[in-house]
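Given next are the chains, with one letter for each unit.
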Amino acid sequence: MNKPLNFSKITLETNIKIFNKKIPVWVILLGIILLFGLFLRISFLDAPSFWVDESISSNAAVKILEKGFPIFDSGAFYSRAMLFHYSQSISMIIFGINDFGARFPSVIFGLLTIILAYLFGKEFGGKKAGLMTALFCSIFFLEVFYSKQARFYQLFQLLFFATIYFSYKAKTNFKYFYYSLITFVLAIDTQIAGIILTPVLLYPFFNKKNLSKKFLLKNKFLVILIIPIIYFLIERFISAINIGTNTELVFYYITSYFGFFSHLLPILLFALIGLIFAFKEKKELCFLLIVPTLILLFLLFFVDLFAFRYIYFITFPIIIFSSLMFYFLAKKYDNLLIIIFFVMIFLTSNLFNPFIYSTILVPTYRNFNDFSAPEINYKNIPSELLSELKEEDSRIITLYSSHVEWYIKKPFLIIPFSMSGKGTNTINYYNSLIDKNVDVYSGQEFLEEKPSFEFYFIGDNFSLSKLKPTQVGFLDTILDDCTELYKNSSIVIKKCS
């Protein structure tokens, strides 16, 4: 007979028999954390409508299913984040061409980020520290929200810090270098900002053993390959970084970015204290985590466009070091601090405040409230009107075509506007086959004069807000005899004769 478990003697290394297999306690706990993280991310995954860029990625994935490559009907090749978009297309084969299928890859990348958090925590303090960092990562509100988006920012965060982790491990075990090289290349493909990790990729070569003549001769092909790659990356970095010099604008960006973290001041303080403790434990790993993160963050303050998603990646080290603060203090003083860690998670969750919170313990059906990534709500259009819009002979004129094509059908004509608000038309693409400028996303032609046929107009607040005065005047002329059929907080639909 099996003896009953003595819970007072159970440690993370204790094996528990499940289905006749002995499994360590730490594996069971990590599995529970991952399952809860999956539950939070997959719940209501398709409930909110896409925010602006999600429909671009999702339509690119549909084109992969149709053509094998992310080539829009305009002829434009969408060359960003290939891993993400092909993952979306595979997900759509499994779950269908819908919001759930489009967003599911980010759920997987979010779960892999939790595992990465565990690995970083383990490097600093063993399995107990790893479980604490994994838990906090699984429920931190930004991690949950970005793991539910049909966009590649969760993937970039994962690849960015995976490159750092593998490069750190490669100094003592060079086989990890090949993993870091793969994640590094994928990070750059996902976001060009990944170039900042070039020095990190070289970190393993600072080991005397790895700089020995014997090692270099053994890996001469690798060395020969790396030198031109680094030269190419430096060139790309210089050409890719768009630095602005307007100090007032830079200050505005810094304060705006900080505004997103204003209710997280205690956690930022915990992260700073945790960094001090972690630095004493492993200086080199702290440098690898913090230096490229701060350099990229600093450069993003000077990029002439504000979007919180650009700096989202910094939440990962915040999670790691704030969790480690509790671990190191509990190790040094009292395990009661670990209980306080769980109390903090509980009290700052959306269980107590459904509007301002740092952790999510109850699934949410809303998008992240980010004015730099506005949601365009096509979910609540009355079914009768939706059927009318989808009819074969209905003609839709719109500005931002991606959402219309995803939720309804390909629009008939496009009204030009600027996605960034700079200039008058950033959705323009020259199609050499028809010798015309067309909408880059749908491939449809632009509206040049008031139509002489019946049509439906769909306007969204995002694109309407980008119009210049002359464009507003042109639009008013087109819509002067139209009847409003539907309106919500982000779109308006009109029928025009």
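This text follows the structure it describes.
Residues numbered from 1 in each chain as written. Predicted model: local features only at pLDDT ≥ 70, side-chain atom pairs only at ≥ 80, totals over all residues. Heavy atoms only, no water.

Colleague: Explanation requested: the overall build of the protein chain in the structure shown.
Modeller: A tally of helices and strands in the protein chain yields 19 helices and nine strands. For the protein chain, the residues scored as buried account for 53% of the 497 residues in total. Taking contacts inside the protein chain between residues at least 6 apart in sequence as the whole, the part at least 24 apart equals 72%. Accessible surface for the protein chain amounts to roughly 23900 Å². Of this, 65% is attributable to carbon and sulfur atoms. (Helix = DSSP H or I, 4+ residues; strand = E, 2+ residues; numbered from the N terminus. Buried < 20%, exposed > 50% of the residue type's maximum accessible area, 1.4 Å probe, protein only. Contact = heavy atoms within 4.5 Å. Areas by Shrake-Rupley, 256 points an atom, 1.4 Å probe, with all protein chains shown as cover.)

Colleague: So what exactly am I meant to see when it comes to the side chain of arginine 151 here?
Modeller: Turning to its location among the elements, arginine 151 is positioned in the loop between α5 (141-146) and α6 (153-170). Among the polar contacts made by the side chain of arginine 151, one reaches the side chain of tyrosine 78 at a distance of 3.0 Å. Arginine 151 has contacts with Trp51, Asp53, Ile56, Ser57, Tyr78, Arg80, Phe84 and Ser106, leaving out every residue within four places of it along the chain. (Polar contact = N/O pair within 3.5 Å; in protein donor to acceptor, adjacent residues only side chain to side chain.)

Colleague: Can you help me understand the pattern of salt bridges in this one?
Modeller: Note that side chains of opposite charge can pair when their charged atoms are close. This structure, assessed with the given rule, holds 16 salt bridges. Measuring nitrogen to oxygen at the nearest pair gives 3.7 Å for the salt bridge that ties glutamate 405 to lysine 63. A residue pair is termed long-range when its members are at least 10 positions apart, and glutamate 405 in helix α17 (residues 401-407) and lysine 63 in helix α2 (residues 54-67) qualify at 342 residues. An identical accessibility class is assigned to glutamate 405 and lysine 63; each is buried. (Salt bridge = Lys/Arg side-chain N within 4 Å of Asp/Glu carboxyl O.)

Colleague: What is the right way to read the pairing of strand β6 (residues 436-439) from this model?
Modeller: The two faces of a sheet get side chains in turn, since along a regular strand they alternate between them. Strand direction decides the pairing type here: strand β5 (residues 428-431) and β6, joined by four bridges, are antiparallel. Bridging from a neighbouring strand, asparagine 428 pairs with aspartate 439 of β6. Taking the residues between adjacent antiparallel strands as the criterion, β5 and β6 are bridged by four residues, where aspartate 435 takes a positive phi near 55°. (Pairing = 2+ DSSP bridges.)

Colleague: Is there a simple way to explain the packing of α6 against helix α7 (residues 175-190) in this structure?
Modeller: For any two helices packed against each other, the geometry is given by the interaxial angle and the distance between the axes. α7 packs onto α6 with a crossing angle of 155° between their chain directions and a minimal axis gap of 8 Å. Accordingly, the angle class assigned to the pair α6 and α7 is roughly antiparallel. The handedness of the crossing between α6 and α7 comes out as left-handed. Residues Leu155, Phe156, Leu159, Phe160, Ala162, Thr163, Phe166, Ser167, Lys169 and Ala170 of α6 form the contact with α7, whose own contacting residues are Tyr176, Phe177, Tyr179, Ser180, Thr183, Phe184, Leu186, Ala187 and Thr190. Looking at the contact of α6 with α7 residue by residue, the classes come out as 13 nonpolar, five polar and one charged. (Axes fitted to C-alpha atoms, helices over the stretch in contact; angles between N-to-C directions. Parallel < 35°, antiparallel > 145°, perpendicular 65-115°, else oblique. Left-handed = near helix turned anticlockwise from the far one by under 90°. Nonpolar A, V, L, I, M, F, W, Y, C, P; charged D, E, K, R; others polar.)

Colleague: Would you mind showing me how to read the packing of aromatic side chains here?
Modeller: When we look at a pair of aromatic rings, we describe it by the centre distance and by the angle of the planes. One pass over the full model with this rule turns up 64 aromatic pairs. Summarising the aromatic geometry, the rings of phenylalanine 260 and phenylalanine 308 are spaced 4.3 Å apart at their centres and angled 20° between planes, so their arrangement reads as stacked. You can see phenylalanine 260 sitting in the loop between α11 (247-259) and α12 (265-281) and its partner phenylalanine 308 sitting in the loop between α13 (283-300) and α14 (315-332), a full 48 residues away along the chain. The exposure class assigned to phenylalanine 260 is buried, which follows from its relative accessible area of 12%. Classification of phenylalanine 308 as buried rests on a relative accessible area of 1%. The ring of tyrosine 176 carries the charged tip of lysine 175 above its face, separated from the ring centre by 5.8 Å. Just above the ring of phenylalanine 453 sits the side chain of arginine 395; from NZ or CZ to the centre is 4.5 Å. (Phe/Tyr/Trp six-rings, centres within 6.5 Å; stacked < 30°, edge-to-face > 60°. Lys NZ or Arg CZ within 6 Å of the ring centre and 35° of its normal.)

Colleague: Teacher, can you tell me more about α11 here?
Modeller: The periodicity of an α-helix, 3.6 residues per turn, causes residues three or four places apart in sequence to face the same way. The terminal C-alpha atoms of α11, which comprises 13 residues, lie 18 Å apart, in line with the 18 Å expected from a rise of 1.5 Å per residue. When we look at burial in α11, the residues that qualify are Val250, Tyr253, Ser256 and Tyr257. Looking straight down α11, one finds that the buried residues subtend no more than 130° of arc, so they occupy a single side. Residues of α11 that are exposed and point more than 90 degrees away from the buried face comprise Thr247, Glu248 and Phe251. Of the surrounding elements, those touching the buried residues of α11 are α13. (Expected span 1.5 Å × (residues − 1). Arc of directions from axis to C-beta.)

Colleague: Just to check I follow, could you spell out the state of the cysteines for this structure?
Modeller: By definition, a disulfide links the sulfur atoms of two cysteine residues through a covalent bond. Throughout the structure, instances matching the rule amount to one disulfide. In this model, cysteine 482 is linked to cysteine 496 through a disulfide, with the two sulfur atoms separated by 1.9 Å. Its S-S torsion of about 115° marks the bond between cysteine 482 and cysteine 496 as right-handed, since a negative value means left-handed. With cysteine 482 in strand β8 (residues 482-487) and cysteine 496 in strand β9 (residues 491-496), this pair connects stretches of sequence that are 14 residues apart. (Disulfide = S-S within 2.5 Å.)

Colleague: Help me understand the sheet that holds β9 in this model?
Modeller: Sheet strands pair by backbone hydrogen bonding; their relative direction is either parallel or antiparallel. If you trace the five strands from one edge of the open sheet to the other, you get β4-β3-β7-β9-β8, paired in mixed fashion. Of all the strands in the sheet, the pair left with one neighbour each is β4 (413-414) and β8. Bridge count between β8 and β9: five bridges; the pairing is antiparallel. By the bridge assignment for β9, cysteine 482 is matched with cysteine 496.

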